[in-house]
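The primary structure of each chain is shown beneath.
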Amino acid sequence: MAAPVIAQKAPYMIDVEAGKTYYWCRCGLSKKQPLCDGSHKATDLVPLPYAATASQRVAMCGCKQSKNKPLCDGSHKAL
Ligand code: FES
């Protein structure tokens, strides 16, 4: 499997809505970070669905290295 591109070495703060599903960009190529824009089609990576259970602001991983995808776990600090 191809390694993802680091979109940025920091999380993206986005507002999610309870009951909605978001597609987190796993490949790092999307122009709509941290969400998928279809750019992964050039890779063998696929987006990761995130079903929001609450309406809140979340920190989605921008470095694509988190162990708790799609959320930031602080892994970007080691890059
Ligand atoms: S942005 Fe990837 S772990 Fe924080």
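The structure this text deals with has already been given above.
Residues numbered from 1 in each chain as written. Predicted model: local features only at pLDDT ≥ 70, side-chain atom pairs only at ≥ 80, totals over all residues. Heavy atoms only, no water.

K.L.:
Which residues make up the pattern of salt bridges, and what values go with them?
P.N.:
Inspection of every chain in the model, using the stated rule, returns 2 salt bridges. A salt bridge links Arg57 to Asp15; its shortest N-O distance comes to 2.9 Å. Note that Arg57 is positioned in strand E4 (residues 56–60) and Asp15 in strand E1 (residues 12–16), a separation of 42 residues in sequence. Judged by relative accessible area, which is 54%, Arg57 ranks as exposed. Among the salt bridges present, the one from Glu17 reaches Lys20, with a minimum N-O distance of 4.0 Å. (Salt bridge = Lys/Arg side-chain N within 4 Å of Asp/Glu carboxyl O. Helix = DSSP H or I, 4+ residues; strand = E, 2+ residues; numbered from the N terminus. Buried < 20%, exposed > 50% of the residue type's maximum accessible area, 1.4 Å probe, protein only.)

K.L.:
Tell me about the environment of His40, and please be specific about residues and values.
P.N.:
Relative to the assigned elements, His40 resides in the loop between strand E2 (21–24) and strand E3 (48–51). For His40, a relative accessible area of 15% puts it in the buried group. Residues His40 and Lys77, 37 residues apart in the sequence, show an inter-C-alpha distance of 25 Å. Apart from the residues lying within four places of it in its own chain, the contact partners of His40 are Cys27, Leu45, Val46 and Pro47. (Contact = heavy atoms within 4.5 Å.)

K.L.:
Describe unusual backbone geometry, with residues and values.
P.N.:
With an omega dihedral of 5°, the bond running from Gln33 to Pro34 counts as a cis peptide bond. In this chain, Lys69 is followed by Pro70 through a cis amide linkage whose omega measures 5°. Here Pro70 is to be found in the segment after E4. Phi angles above zero are rare outside glycine, and Lys64 is one such case at about 70°. Following the sequence through the fold, Lys64 ends up in the segment after E4.

These results come straight from atomic positions and should not be treated as a statement about function.
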